[in-house]
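A look at the structure
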Amino acid sequence: MVDLPGNNNFENKNKNEPVPADQPENPTTGEAMPSKAHSTPVSSSPEAAGGETTGESTTVHDMLSTDTTMNFSQEFAAQIASIDSNVTAEEQESIAALPSGSALMVVRRGPNAGARFLLDADLTSIGRHPDADIFLDDVTVSRRHAEFLRNGTSFTVKDLGSLNGTYFDGERIETAALTDGAEVQVGKFRLTFYASRLDLARAASE
């Protein structure tokens, strides 16, 4: 639960306020005079002010917010599932959290199936070389196999003259623009490309 610092400050402020002195007596009657410190506070409740309660509207607002979030999550899950039915809930969260100008590659087939690689640089190398940004340790992969290149919010894949070639949606290519849900094959590895949802939404509105 998140603590509300405002409540603590309010309590501390009350504790620091001086305690009211004893009530003075009426010099004529000897009875205690009413003190301002003990005056009845004005109720801030809507009922006391003659207004309508806001409890119901607040509840409806909360329900609408919950429904909106739920509908968005369900719509997003359905959208991702239409691209790739193998997407896990954890992968959905990773895809949804992608900032603008980034993308995600998920290994669907290969020795390290399920591995995720973030594309957030202008150049991301992929190959069997230990220094590769995306290291794929298999003899079917060349040491310097391919590159992912970023131009603004768009990504392309470029083969670097690899022995077994780089495939985009089943076709061998030298270079290709990546689209959301596209499959890139490097050796025996098959990776799916997921673009940032922010970039897709911006592109759709233009």
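Computed from a predicted structure; not experimentally measured.

Rules of the game
- Residues numbered from 1 in each chain as written.
- Predicted model: local features only at pLDDT ≥ 70, side-chain atom pairs only at ≥ 80, totals over all residues.
- Heavy atoms only, no water.
- Helix = DSSP H or I, 4+ residues; strand = E, 2+ residues; numbered from the N terminus.
- Buried < 20%, exposed > 50% of the residue type's maximum accessible area, 1.4 Å probe, protein only.
- Contact = heavy atoms within 4.5 Å.
- Areas by Shrake-Rupley, 256 points an atom, 1.4 Å probe, with all protein chains shown as cover.
- Pairing = 2+ DSSP bridges.
- Axes fitted to C-alpha atoms, helices over the stretch in contact; angles between N-to-C directions.

Helix and strand counts for the protein come out as 4 helices and 11 strands. Counting every position in the protein, which comprises 206 residues, the buried fraction comes to 28%. Excluding contacts between residues fewer than 6 apart, the proportion of contacts in the protein whose partners are at least 24 apart in sequence is 37%. Counting every atom, the protein has about 13,900 Å² of accessible surface; 52% of that belongs to carbon and sulfur.

What follows covers the sheet that holds strand E1 (residues 103–109). Read from one edge to the other, the open sheet built from 6 strands follows the order E2-E1-E11-E10-E7-E8, with strand pairing classed as antiparallel. On the outer flanks of this sheet lie strand E2 (116–119) and strand E8 (171–173), each paired with one strand and no other. Put simply, the sheet's adjacent strands are angled 30 degrees from each other on average, direction ignored. Bridge analysis of E1 against E2 gives 4 bridges, and the strand direction is antiparallel. Paired with Ala103 across the strands is Leu119, a residue of E2. The sheet contacts of helix H3 (residues 89–96) involve E1, E2 and strand E11 (189–195), and relative to E1 the element is tilted by about 155 degrees.

Here we come to the environment of Ala115. Structurally, Ala115 can be placed in the loop between E1 and E2. Excluding residues within four positions of it along the chain, Ala115 makes contact with Met105, Val106 and Val107.

Moving on: the pairing of E11. The buried fraction of E11 amounts to 6 of the 7 residues, a majority that puts the element mostly inside the structure. The pairing of E1 with E11 spans 6 bridges and is classified as antiparallel. Looking at the pairing, Ala103 lines up with Ala195 of E11. Pairing analysis gives 4 bridges linking strand E10 (residues 183–186) to E11, with the strands arranged antiparallel. Each bridged residue has a counterpart across the sheet, and for Glu183 the counterpart in E11 is Thr192.

Summarising the element assignment, Lys188 is placed in the loop between E10 and E11. Taking the relative accessible area as the measure of exposure, Lys188 reaches 44% and is therefore partly exposed. On a C-alpha basis, the gap between Lys188 and Gly110 in space is 5.8 Å, while along the polypeptide they are 78 residues apart. Sequence-distant contacts of Lys188, defined by excluding residues within four places in its chain, comprise Arg109, Gly110, Pro111, Asp138 and Thr140.

With that out of the way, let us pick up unusual backbone geometry. Here Asp169, not a glycine, exhibits a phi torsion of approximately 50 degrees, which is positive. Examined against the element boundaries, Asp169 turns out to sit in the loop between strand E7 (166–168) and E8.

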